[in-house]
Amino acid sequence: MLRTMQTAVGVFGGGGYTDGMDILPLMVANAGNNDRSAYSSLNCPPFVAVELCREHLGVRPCDKRRSVSEYVPLFPAIDFSLVESDEDTWWKTDVREPNDGVTARGIEFLNWLWTRKEKEIAVVTHSGFLFHTLKSFGSSYHPLMKEEVCKHFTNCELRSMVIVDRGMLGSDPSVTNYPGKIPQGPDLPSAAVKTPPNSSS
C-alpha cells in the first residue's frame, strides 16, 4: 500500500504543501522515508484506498501492509474508510495466495468500480494484480488486443482503458466525454479492419 500511495501522490497529487495552508496535505514530507517534500491535496481528484487491489498476498513480507493507523498521519487526505481493519488480516505468513485468488479479487474490484459515479478513474496498483485481473477476460479480447492487454505492466507504466458493460449495450446512451461516444460494432484495432471489395476510398 505504501508504494502505491507514494506513486499515486507523485503522479496525481497537487503542488507543494506548506504549513498553514487551509487544506490537508495529501502526503507529508518524508512519508515512508522517501526524502520527498509534502504534497498538497489542492485541486486533486479524490484518493481512495481500496484493499482489494493489492499485490499477491502472503509469505513475502514486502506484500504485507502496515496498519491503517500508521498510514493516516502520512497521507492525511487519502480516504481509508473502505479498508475494513486497522491491521492486515489478509496476509498470511505461511500461505501464498493462488493466482485464481488474485483474479477473484480483481473481478470483485471491477464490480466495485461500477458502483462509482466517476467516469474516469486512475487505478494505481501492482503489476501482478493487473495481470491476473485483465488476463481473466482474455477470451473476450480481439486477438490483436489480447497480446497487448494480457501482458505484465512494467514499473510505473500507465495504460488507458475503456471498460464497457456489454450487458448495458442497447440501453440508455452511455455517459462519456469521448467526443464520438462509443462506436457501434466490434471494437477492432484499425489494422484488423479490411476495406470491403468494390468500395471506393
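Above: the structure in question.
Keep in mind the model is a prediction, meaning the values are calculated, not measured.

1. Some points on the pattern of salt bridges
Applying the stated rule across the entire model yields 9 salt bridges. Of the charged contacts in the structure, one is a salt bridge between K117 and E118, with a shortest N-O distance of 3.8 Å. A relative accessible area of 23% means that E118 is categorised as partly exposed. Within this structure, E51, R54, R65 and D88 form a network of salt bridges that share partners.

2. Considerations on helix α4 (residues 127–135)
Side chains of residues three or four places apart in an α-helix project in the same direction, reflecting 3.6 residues per turn. Of all 9 residues making up α4, 7 are buried, and the element is well covered by its neighbours. Residues of α4 that are buried: G128, F129, L130, F131, H132, T133 and L134. Looking at the buried residues of α4, the elements they touch are α3 (99–113) and α5 (143–149).

3. As for the layout of surface pockets
By volume, the second largest pocket is sized at about 180 Å³. Every residue along the wall of the second largest pocket is listed here: V50, E51, L52, L82, V83, E84, W90, E108 and W112. Residues of the lining of the second largest pocket, tallied by class, amount to 6 nonpolar, no polar and 3 charged.

4. A few points about the packing of aromatic side chains
A complete count under the given rule lists 3 aromatic pairs for this structure. Note on F109 and W112: the rings are 5.8 Å apart at their centroids and 25° apart in plane angle, and the pair reads as stacked. Of the two residues, F109 and W112 both sit in helix α3, 3 residues apart, roughly one turn of that helix. A relative accessible area of 5% means that F109 is categorised as buried. Where F109 meets F129, the ring centres are 5.9 Å apart and the plane angle is 75°; that geometry is what we call edge-to-face.

Analysis parameters
- Residues numbered from 1 in each chain as written.
- Predicted model: local features only at pLDDT ≥ 70, side-chain atom pairs only at ≥ 80, totals over all residues.
- Heavy atoms only, no water.
- Salt bridge = Lys/Arg side-chain N within 4 Å of Asp/Glu carboxyl O.
- Buried < 20%, exposed > 50% of the residue type's maximum accessible area, 1.4 Å probe, protein only.
- Helix = DSSP H or I, 4+ residues; strand = E, 2+ residues; numbered from the N terminus.
- Contact = heavy atoms within 4.5 Å.
- 1 Å grid on protein atoms, 1.4 Å probe; cavity = no way out; pocket = protein on both sides within 12 Å on 5 of 7 lines; lining within 4 Å.
- Points joined across faces, edges and corners; volume = space filled by probe spheres on them.
- Nonpolar A, V, L, I, M, F, W, Y, C, P; charged D, E, K, R; others polar.
- Phe/Tyr/Trp six-rings, centres within 6.5 Å; stacked < 30°, edge-to-face > 60°.

Purely geometric stuff here, so don't read any function into it on its own.
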